[in-house]
Amino acid sequence: MNAPFKNLIAGEWAASQNASRNINPSNTNDVVGEYAQGSVEDLNNAVAAAKAAFPAWSRTTPQERYEVLKKASDEILARKDELGRLLSREEGKTLAEGIGEAGRAGQIFAFFAGECLRLGGESIPSVRPGVGVEVTREPVGIIGMITPWNFPIAIPAWKIAPALAYGNCVVIKPADLVPGSAWALVDIIQRAGLPKGVLNLVMGRGSVVGQALLEHKDVHAISFTGSVSTGRKVATACIAGNPMKKVQLEMGGKNPLVVLDDADLKTAVEAAVQGAFFSTGQRCTASSRLIVQAGIHDRFVEAAIERLKGVTVDDALKAGTTIGPVVDQSQLDQNLKYIQIARDEGGKLAWGGELLNRETPGFYLQPALFTETTNAMRISREEVFGPVANVVRVKDYEEALAVANDTEFGLSSGICTTSLKHATHFKRNAEAGMVMVNLATAGVDYHVPFGGRKGSSYGPREQGAYAREFYTTVKTSYTLA
């Protein structure tokens, strides 16, 4: 085993006393690498470095920031196959998905390179004679970032890129389960010309590094993506601290896909299978509730099962694999627990749900599709975060909409229909931050806002030009002529 990958603090790769092994979920005998486990002292040093770098970085020109982000984008895109392979090896999504995610990270940096040059302000006449008013945006300061394991390069990218574009400094703690992609991303950005201390990486346990980040008095804002329970703790810590921190939370989902009687069956099945089961169902936007009108229900279930019979669950790096393994044993145990819960509640396991053996030891699970479920069951209420979906039968569009909205979450919502009337009504009345028509609920563009409502999101949106709402603060200046 090579020496552990180090944390980046003040522009230098800094060793830590402890390290953890990054295990390939497609082959648990394969160690991707050993990665530093940072301490509270490491975190404090990183924040101090960011604080020292902020005055100069926050006053750089848009052109300087553009050049750094564009250079980073160019290298990410040039190396997307290599980065995608690393991502798939450590997280378990298929190689095609891994390469696609790496490419998306490069596109995100290209977009925010352009945003460096697009940030503007306003000059507004005062209600008082002889007074001028300017409204400008300035960087928030030191941004702490806590990112999840399911999109180990795209989510760090869509947090880091806007933070840097708008002149902030960053301390990022990636998910302890998949540090490799974040390490590679930070290495690229740092070499793109960032001054020392502007971007800092501290890997390690959330209970240690993450908690210290939340409590640090010199951190001005926290951007978090993860579970609802942890998100609530993050929000509480940010509000309770002195000074209070700006907070942005992206959390869970229990996303509905409505299928009406008039839907194109092939389109509906593909949207359901893609949305519910691809990326091993480990997406916050996964369509885990399939709400199907009675007239098409039986044909939809039959066609969905036939489609699932054609998927291949295997090593993420193997050609022909459709769905990779679950990310680790803990997540696999959670999936199996919910499969049993659904059975106990009276749901019918119409397909799958079995553990699979492959050439290499890994966390392989056959996609599970339940029928004969209701929206009151736990399988319909709680986020499983795996390749498990259930079908709820409804009588008409009105019931479908009511069931779709009957959830504490509100991230993504979809409908499959050929009716312009129902599609239009659903887009307006679905209680979600993102709505899809004849598309999978999972799969979004990088240049438009991402986020939800209710228990799924809190604070300003991520991605696109809307990211400026979190990463900048507004100043109003008055001048007497």
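For the structure itself, consult the block above.
Let me sum up the structure you'll find in this document. (Residues numbered from 1 in each chain as written. Predicted model: local features only at pLDDT ≥ 70, side-chain atom pairs only at ≥ 80, totals over all residues. Heavy atoms only, no water.)

### Section: the overall build of the protein
Where we set the bar: Helix and strand assignments come from DSSP, with helices taken as H or I runs of at least 4 residues and strands as E runs of at least 2, each series counted from the N terminus. Each radius of gyration reported is based on C-alpha atoms, and the globular scaling rule is 2.2 Å times the count of residues to the power 0.38. For this analysis, residues touch if any pair of their heavy atoms sits within 4.5 Å. Note on areas: these come from Shrake-Rupley sampling with a 1.4 Å probe, and a residue is covered only by the protein chains present in the view. When charges are counted, neither His nor the chain ends are considered; positive counts come from Lys and Arg and negative counts from Asp and Glu. All charge positions are set by atom: Lys at NZ, Arg at CZ, Asp at CG, Glu at CD.
Each helix and strand in the protein was counted, giving 15 helices and 22 strands. Against the globule reference of 23 Å for 481 residues, the protein gives a C-alpha radius of gyration of 23 Å, in line with a compact fold. With the C-alpha coordinates aligned to their principal axes, the bounding extent of the protein is approximately 70 × 65 × 40 Å. Sequence-distant contacts in the protein: of pairs separated by 6 or more residues, those separated by 24 or more amount to 74%. Just so you have it, the protein exposes about 19200 Å², and 52% of that area is on carbon and sulfur atoms. Looking at charge distribution, the protein has the averaged site of its 50 positive side-chain charges lying 4 Å from that of its 51 negative ones.

### Side note on the pattern of salt bridges
Put simply, the test is: Any carboxyl oxygen of Asp or Glu within 4 Å of a side-chain nitrogen of Lys or Arg constitutes a salt bridge here. Residue burial is assigned from relative accessible area. The probe radius is 1.4 Å, only protein chains are included, and a residue is buried under 20% of its type maximum, exposed over 50%, and partly exposed in between.
What the rule picks out here adds up to 28 salt bridges. Across the pair D30 and R89 runs a salt bridge, and its minimum N-O distance is 2.8 Å. Taken together, the residues span a long stretch of sequence, with D30 in strand β4 (residues 27–37) and R89 in helix α3 (residues 80–91) at a distance of 59 residues. Given a relative accessible area of 19%, D30 falls into the buried group.

### Details of α3
Note the following rule: Under the convention used throughout, the expected extent of a helix is 1.5 Å for every residue step, that is, one less than its residue count.
In this model α3 runs 16 Å from its N-terminal to its C-terminal C-alpha over 12 residues, within 8% of the 16 Å that 1.5 Å per residue would give. Listed in full, the buried residues belonging to α3 are L83, G84, L87, S88, E90 and E91. Packing partners of the buried residues in α3 comprise β3 (18–24), β4, α2 (62–78), α4 (95–118) and α6 (179–191). Phi for G92, located one or two positions after α3, is positive at around 105°.

### Let's talk about the pairing of strand β10 (residues 221–225)
Quick note on the threshold: The pairing criterion is simple: DSSP has to find at least two bridges between the two strands. Seen with its strands pointing away from the viewer, a crossover is right-handed when the path leading from the first strand over the helix to the second is clockwise.
Within β10, five of the five residues are buried, which leaves it mostly tucked inside the rest of the structure. Across the two faces of β10 the burial is the same, with A221, S223 and T225 and I222 and F224 all buried. Note: strand β7 (residues 142–146) against β10, four bridges, orientation parallel. Each bridged residue has a counterpart across the sheet, and for M145 the counterpart in β10 is S223. Handedness of the crossover joining β10 and strand β11 (residues 246–250) through helix α8 (residues 228–240): right-handed.

### Some words on the environment of V391
Among the structural elements, V391 can be located in strand β16 (residues 388–394). Those residues in contact with V391 that lie beyond four places of it in its chain are L290, V292, H297, F300, V301, L369, F370, T371, E372 and T373.

### Some thoughts on helix α10 (residues 294–309)
Applied cut-off: Two axes enter the definition of the bend at a residue: one is fitted to the seven residues ending there, the other to the seven starting there, and the bend is the angle between them.
Under the 1.5 Å per step criterion, the end-to-end length of α10 is 23 Å for 16 residues, consistent within 8% with the ideal 22 Å. At F300, α10 shows its largest kink, close to 25°. Looking at α10, one finds that the buried residues are I296, H297, F300, V301, A304, I305 and L308. If you follow the buried residues of α10, they end up packed against β12 (256–259), α9 (265–277), β13 (289–293), β14 (348–351), β15 (368–373) and β16.

### What about the nonpolar core?
A general tendency of soluble globular proteins is for nonpolar side chains to be buried together. The criterion, for reference: What we call a nonpolar core is a set of buried Ala, Val, Leu, Ile, Met, Phe, Trp, Tyr and Cys residues that are connected through their side-chain atoms within 4.5 Å.
Counting 88 residues, the largest nonpolar core has L69, F109, F112, I160, L164, V171 and I189 as the members making the most contacts within it. Among the elements that take part in this core, helix α5 (residues 154–165) stands out by supplying nine residues, more than any other. What I160 contacts, discounting residues up to four positions off in sequence, is F109, M145, V170, I172, L185, V186, I189 and L199. Residues L257, V269, A276 and V292 belong to the second largest nonpolar core, which totals 28 residues.

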